[in-house]
Structures are given as C-alpha cells and as structure tokens.
Amino acid sequence: MSPLASAVESSPFEISDTPIRQSPNDNRDYQLITLSNELQVLLVSDPDLENSAVSLSVPVGSMHNPDSQLGLAHYLEHMLFLGSERYPTINEYSKFMTQNGGYTNAYTSQESTVYGFEVNDSAFDEALDRLGDVMRAPLLDEKYADKERHTVNAEHKTYYDNDMRKLYALQRYTLNPSYPMARFSTGDLTTLVDKEGSKLQDELIHFFDQHYSANTMKVALTSPRPIKDLEQVASQYLTQIPNKKVSKAIILEPMLTEKELAIKVEMKPTADIKLLQVNFLVPSVKDEYMYQPGAYISRLLGSDHKGGLSDSLIQAGLVDSVMAGFYAPHSDLYSRFSLQFKLTNKGLESQQKIMATLFAFIDLIKQQGVNETQFNEQKTNLDRRFEFLTKQSGFNYVMGLSANMQLYPIKDIIYFPYRLDGFNEKFIEQLLTFLTPENSRLFLLSPDAKGGTAIDYYKGEYAVDTITDKQQRQWLTDATTIKLQLPPSNSWLPEDLSIVKAEHSGEASQLINNKGHSVWFAQSAQLEEPKGSLKLQLNSDLIDQSATNRVNMNLLLAMLKKQFSELNFVTQEAGLNFSVSQSNGLLISTSGYSDKQDKLLLQVLTHVQNATFSEQSLRLAKQELQRRLNNKPKIKALDLAFDGFRQVVRQPAWSDKTLLAEIDSLTVKDIESFRDKIFSQSTLRLLALGNFNESQVLALDKKITNAVTAQPKAFYNIKRLHPDSKQGTLNYALPSQMQDDALVMIHLSNQKGDHALATSELLNKLLQPAFYDQIRTQEQLSYSPFSASFNVDDYVAFGLFTQSSAASNAELYQRFKQFLTDFKPKLTATTEDKFAQLKAAHIANYTAKPTSLNAEFSYLSNEWLMFKEQINSKPDYIKALDAVTLKDVQAFYADLLANDKNKQLILVQVQGQKFIESPLLTLDKQITITDIDQLQK
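Residues numbered from 1 in each chain as written. Predicted model: local features only at pLDDT ≥ 70, side-chain atom pairs only at ≥ 80, totals over all residues. Heavy atoms only, no water.

Asks: Give a description of the nonpolar core that names residues and reports values.
Replies: Within soluble globular proteins, side chains that are nonpolar tend to cluster in buried spots. Ranked by size, the top nonpolar core spans 65 residues in total, and within it Leu42, Phe280, Phe341 and Leu358 carry the most contacts. If you tally residues by element for this core, the top one is helix α12 (residues 351-369), at 10 residues. Setting aside residues no more than four positions away along its own chain, Phe280 makes contact with Ser335, Arg336, Phe337, Leu339, Leu358, Phe359, Ile362, Phe434, Leu435, Thr436, Asn439 and Ser440. Membership of the second largest hydrophobic core comes to 57 residues, among which are Trp492, Leu567, Leu659 and Val668. (Core = buried A, V, L, I, M, F, W, Y, C linked by side-chain atoms within 4.5 Å. Buried < 20%, exposed > 50% of the residue type's maximum accessible area, 1.4 Å probe, protein only. Helix = DSSP H or I, 4+ residues; strand = E, 2+ residues; numbered from the N terminus. Contact = heavy atoms within 4.5 Å.)

Asks: Hey, could you go over the UniProt feature "domain: Peptidase M16 middle/third" (unreviewed entry) in the protein for me, with residue numbers and the actual values?
Replies: The sites that UniProt annotates as "domain: Peptidase M16 middle/third" (unreviewed entry) are residues 386-662. The span residues 386-662 is 39% helical and 19% strand by assignment, and the distance between its end C-alpha atoms comes to 48 Å. (UniProt positions renumbered as here; feature names shortened; annotations may be inferred.)

Asks: Please give an account of the UniProt feature "domain: Peptidase M16 C-terminal" (unreviewed entry) in the protein that cites residues and values.
Replies: Sites flagged by UniProt as "domain: Peptidase M16 C-terminal" (unreviewed entry) map to residues 202-382. The distance separating the terminal C-alpha atoms of residues 202-382 is 49 Å; by composition the span is 40% helix and 22% strand.

Asks: Summarise the sheet that holds strand β1 (residues 13-15); cite the residues concerned and give the values.
Replies: The 7 strands lie next to each other as β1-β2-β3-β7-β4-β6-β5, forming an open sheet whose pairing is mixed. Strands at the two margins of the open sheet, each flanked by one partner only, are β1 and β5 (103-108). Direction aside, neighbouring strands of the sheet carry axes that sit 15° apart on average. Pairing of strand β4 (residues 51-58) with strand β7 (residues 218-223) involves 5 bridges; the strand directions are antiparallel. Pairing of Leu56 across the sheet is with Val219, part of β7. (Pairing = 2+ DSSP bridges. Axes fitted to C-alpha atoms, helices over the stretch in contact; angles between N-to-C directions.)

Asks: Describe the packing of aromatic side chains, listing the residues and the values that go with them.
Replies: Within a pair of aromatic rings, the relevant descriptors are the distance that separates the centres and the angle that separates the planes. The full count for this structure, using the stated rule, is 30 aromatic pairs. Judged by centre distance (5.6 Å) and plane angle (35°), the rings of Phe386 and Tyr418 are tilted. Here Phe386 is found in helix α13 (residues 372-387), whereas its partner Tyr418 is found in the loop between α14 (394-405) and α15 (425-432), with 32 residues between them in sequence. Residue Phe386 is classed as buried on the basis of its relative accessible area, which comes to 5%. Look at Tyr418 and you get buried, because its relative accessible area is 12%. Ring geometry for Phe823 against Tyr893: centres 5.7 Å apart, planes inclined by 65°, an arrangement best described as edge-to-face. You can see Phe823 sitting in helix α26 (residues 809-828) and its partner Tyr893 sitting in helix α30 (residues 886-897), a full 70 residues away along the chain. Each member of the pair, Phe823 together with Tyr893, is buried. (Phe/Tyr/Trp six-rings, centres within 6.5 Å; stacked < 30°, edge-to-face > 60°.)

What follows is the structure in structure tokens.
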C-alpha cells in the first residue's frame, strides 16, 4: 500500500440516501457517496464480475481551450498519463492495466473529458491509486511535450481529410464566431506551440490547476466487491485528489445569432458522398427528460413506415436512406434535431422536393401527430426496454455513467433515457414551433458543391449561403401538395414474456445432423431473459463461383435492404432486430425478444424468396455499389489495408476493377435468377439460442424446410490462404488518395489448434504494450499502432498494424523489424510470476459471468459460423490457455518471428499522397501481387 493511500485510509465520506432507479433486470447494488474532498463517486457492486472498472469525468473540454492554445484540453488528456509523482515511469499506467487483464482509454469532447480503465480485480487497488495519483500530481514532464504534441498531431492528421470529421467541424465553424465551440478543437503542431505571451507548458499546468478539481469531477466504479468494501477503497485512493473548490465553467456567449440561422453550407467531399444534413437547434429540453419531447418528435421523423418521410423519398428515388436524431444536452442552452438524407443522383438535383417533403411531414406531426396513440407507442417501447434492459458492465458502462453524472440527477442516472412520466402535449408542440425553414441549418456534401473558403485545419473548401425568404416560402408552399401518413400501431410488440422450461441450458445440442441439414440449439445457463437469437444459413458456394455472382449478391442485398426498411423500423421499436447478409451463402439473423422472433425469421425468408425488383431499385443499387468500390482509395488508409488483407487471404477473391466491370450488364432478371439459385442449390443450417424450447425450434425448422428444400450435400466453407514458406513474402501494394501510409505485417504460422492460438494470444498480451510504447510514444511514428493474434482458417497468424503520417511503409517496416529484435530480450527477461499474473487475468475475461445473451453465446456463435464440428469448445480453449507456459510463449516467438521456415510473411501496404515519391516497400524474396484475380492460394 502506498504511503499516501495509507494516510487517507480513514478519510470520512458521506453516503447519499437518494435511491437510484434500476431496471428489474438489474440486481446489482448501487450507492452514491461523496468523499471528504467533495468528489462524488457512484459505486456499483456486481459479484458476477471478474474485473473492476472506473471512470472519472471532468466538466471541461475543447470549448474551454484558451484561444492561444487550441487543442489544450485534448493535449492535457494525453500528457496526464506520462507519469505521476509516485508512479513516474512513462506509459507505466497503461502497461499496468494491460498486463492485469484490462485496458485504459480516454476522450475529450466539447464539454467534458472522460478517463477510464478496466483491470482484473486483484490489481484494482493499485490501479485506483494510480488514477488518484495522476489526478493529484501528474508530472506533465516537459521533456515528453514534443513527443506528445506529435502524437496529438498524428491523431488529427488521421482525420485531416475525413469527410465526416470535416462535416462535424463545419457544423461548429458556422456557429456564432464568438462561441467557443466554433473553433478548431483537436490541436496540432501549429496550435500547440509556444507563442508570444503564451508558453505551452505554462498554459498546460495552468489549465490543469484551473479546471481539474475533485469537487467538479464525477466517478463511477464497478467491481465484484460489496458496497462496504468499495466505499473504503474509493475513500482510500480517491480522497487524495485535491479539492480546489473551482466552479464549473460557464459559457456566456450565445451559440447562435440571426446570421447563423437559415444557412446552407456546401462542401465538396474527398470521397463520392452525396449527403444532405438538416439541423435545427432548439431551446434545451435536457432537464425535461422525464417527458422526452425531442425523442417523441425524432421517432416520427425517423420512422420508415409506409407513406412516411423516409418511405416517400425512397419510393421517389431521391434518397437511399433517412436518419433522424435528437441530442438533448447539445449545450447548456440548446438541444439539437438532426436529419441526414443520403442522396441519390436524382435526389441531388431535387433538394427542393426533399426539403418540401420534410416540412410537409413536420406539418403533419403538428396537425395530427401529437396524440396519445403515438405517445402510448413510445411509452410501451421505453417501458419494455427498461424492464428487460440488457445488463452492461465494465469499462463502457462506467464511462457512460461518469459522463452522464455531469448531466443528469443521480436518481435517474440509469433511468433517464427510458423515463416517460406522461403525455405532455405542450412540450412537444413548443418544440415543433422551432422546426421551421427560418431556424434550419443545411449542410450539403456533394461532388459539385461550391467552395471558396478553406476549412481551417482540414483539407478542403466550403461555402456558406443564406437561404432566402423566397426559398423558405417555396418549401412551405410545395409542402402543402405532398400527402404523407403517420405510423400505424406496432403489431410486433412482444406479448408473451415468459421464460421457457430449461431443457438444453449450458451446452448446445445438435437436434438435426443430416447431410445438408443441421440444427443446433442452446438455452442460457446464466440468464433468465425472454430473449434469444436465430441464425439461418442458406449455405452454398454460389458467390464464390464467379465475380458475376459476387456482384449479384451485393446488388440483391442492397435492394432487399431498401425493401426491408419499414419492417426493420417497426421491429426495432418492438425490441427485435434482423439482418440479411452474405456468409458462405445467404445468412438471415434475428435477435431480441423471443416472442414473435420465429415469425420474423419466416417473414424475412419468405420475402427474400418471393421479392421482385424494379429497374429503378436496381439502378440505385448499382450506383451505390459503384460508389462504394470507387471510394476505396478514399477511405482511411488502415481500413484500406485491412480490405487488401481480406482480399489476399480469401479464396477466391476478385479485384474491385473486376467487380466494377460486372455491374452495368446485370439485369433484374439476372438478380432474380441468382436469388432463385440460392433457394434451389443450398444446404440449410439453423442455430437457435436463448429463450426457446426444443419443440419450438423443431417446429420452426419444419416450416423452413417446407419453404426451402435442403440439398443433400456437404456444407460449403470458403477456403483461405494457407502458409507456404517456400513461396516467400506476399507483398500487396494499394494506392490511396488520402495522405497517410499504412502497413499491415502478418506472420502466418504453420501451427494450428487451440494451444497455438492460446500461446499467440498470450504473446500478444505481453507484446502489445511494448509495441504501442515504442512506435507511438518513443518514436511518434503513429497515433494508434497495435498488434493482434487471430486465425486464418485453422492456422495461427500474428500481426503488427499501423497508419502513419510521419513515416513511409519502407521506414515502418524497418521499425517493426527492429522492434521485434529488441523485444526478444524483454520477453526472455519476463518472470514466471509476471506471466502467471497476466495469464490469470486474461483467463478471467473468458470465465467471467456473461451480462447478456450476446456475450454468453458469442464464442459458440463464432464456432458455428466457422463450421466447427463441435461448437461447445470454449471450456477446451480455456484449458488450452491455462496449459500455456512462459517457455511455450518464448518458443513460439522464436519459431514464428525469427524462423522463416515456419511462417509466410504477408505485407499489405497502402501508399498515401504524402509519400507518393517514396519507393514502395520491397523485399529480396517476395511475390509482388499486382492482380488479386490471379493470386494462387
């Protein structure tokens, strides 16, 4: 125990008597305490956990940056964890968490900064003391300042030409220029630098001293320990955070003036994106959350029901989709409605019609939509979701809790998104009065958009125009001629919420195992919830027979997605989800409440089997697929590298060029013929998990086989690349229109099986912190380098990954190689005790009691998707992990990374525009992949 922690062990704290409203599905203990330093700490005791997690929020963010040092709040977030008074070693904080089965992260928003970690409970005391010491006495060592400035800059450069990040910036830049949100927020090398009258180090220390105080911070903490123990540990380690008695910063400048309303902002995106976003900033209703007026309106605006806003525009061929959202705590004084219209080519030319349709639907809500029928639909949905609220836990849970503690009363910290006390017609009608043309703010992303003004700190230009009074009146005039409908009542709401009798809990059973026909079934062994999931695979090799069939499947799925938009909306509202995707054939997945889920799967299956398609829907699907394929060089460099790796290991694969060449000639008849082949040439695989019984599953399977005849043949599973060390390195280079280079370096081993994968996984737990520290902190080559172990078929692969604005791929490769050389003595020096601690913490993540059905069944579902003969293999894998020794890991490292005979190296390099003059990475013995179509696997 540290001396300081011991000194504060007996510090008093105050226990709040405010009850916290919990879901009936949540049996955890909650308690709010206030420490002697006025720090509020929410304690959550959950004996089912193996790990503990903590989050701390500070009500200061990018809005509070001084003009002289834009990005300072974000920079401070980075600098805080480079050592503290009693734990001075750089990066030891994150390394400690990783080696004890956990991790750490933080983010800076406009209004707040939130920190968090998760760690095995055996290391919780020291982890919490480390956090307390960081917030008490961070070193903020100036000798690391330049390194961390470069890291912040690298993070910004990752998004320098990202269209969505630029859109977000423009929404802020076009606010009242005096409002602090209307500034650059991330920080880069030009803003975080000494200036006349502003020394960065002095500003950093002053910012921390001015804003980081226990009395404005909020902490959420979850652990398997009882509340009484958590009270003591929180008091012991968090009372050390000083109470500087600061006041929460208040922004006095108005967010908007008349000049910032009724404007249209245009930006030409880097990628081929056609998007219209319409924002309405309205007086804040954050404190009226118990009536949910904004959610009431956004639910109607975003509905995909027949005759609604989205359906009308999709049927007219103007949009691919419509999304509506509402964010109540946009600022202290404003809430925000936002609608995104994903435009077609026709829609880009018909923005007048889109806006008129929007205001026609808003008027329909005003005239007919504010009623108890729609309210009851909203309330029933919220009540049911809260009653069976999925239990979240760990890092993500406390991160959300601590952030929301800055915004909402503690009594409703869990309940606020679901609380709906009654139908308050007045609040809804008042909000609707602000959804007008004169209060609108439009943002258009289009290849033909106007420019003229540089986007500060980003690549690109934009233009701002005032929406004239004449244009506003025209929208409203045209709206009067458009006929729309409100959503009907929802027939998918669950009615039977009973729990079925346990028959197959704890282990999956194969109810049917015939040639070409398989049914697996398992009930939950841990949770009693009226929920479940179904997966139906129409299994075949059709999409791997030709590039034409691959394109056929893509177009089929795109058109089906449009046809399913209404069903998707109403089932989601009822707590049901479904998807139709490709995975060794056609995969239909459903999840949510078990009641009516079989009906949903059958309805989706029947629709797919009998769907007809129009020429217009095919034309739009083609446009979208062409846009997506053509945009590949414009996506994030590392994402493009991942896509390239998937192409290399998949057998067969076709280049984007080949796929593009197939698109134009395909007809509706081709698509429907391809669909018919799916139903006539497939085997059938069904996986049922959760609150079903055996008779229900077999009855469902009977209905499926009545509709689709299972072909009596072997199941098909796509083949992937197998290692061939004699072949040499596979080197695949991809051009990018973005700035950064990206490198994926995969060592594909000839080792198979659970023991090899478990050994690789534990190696990664040891290697990852060192790789991150070397590449990111010490050398500042990348913002987010990482390593990973995974399977390619049954073979174990180990990879190093990064994207960089500071080094070319040839340079990155040399740094990767040097790191692997330098890591060997570190691995050799690892002690048995340290390895045993790391292994135990890692195994605890596998053995922890699941908090949701998805968590309980995820391993089993993945084994099913991988066509494992025995899908109840998780216990065996845990045994394999437990059996791995430190010598096994050291031998695996030497065998895989130092011995070319036992692996094949795969390099995927993306060359960005910044390094276009640099030579590509080449090795002496390699196969240069120039045509993915011709790659022999």
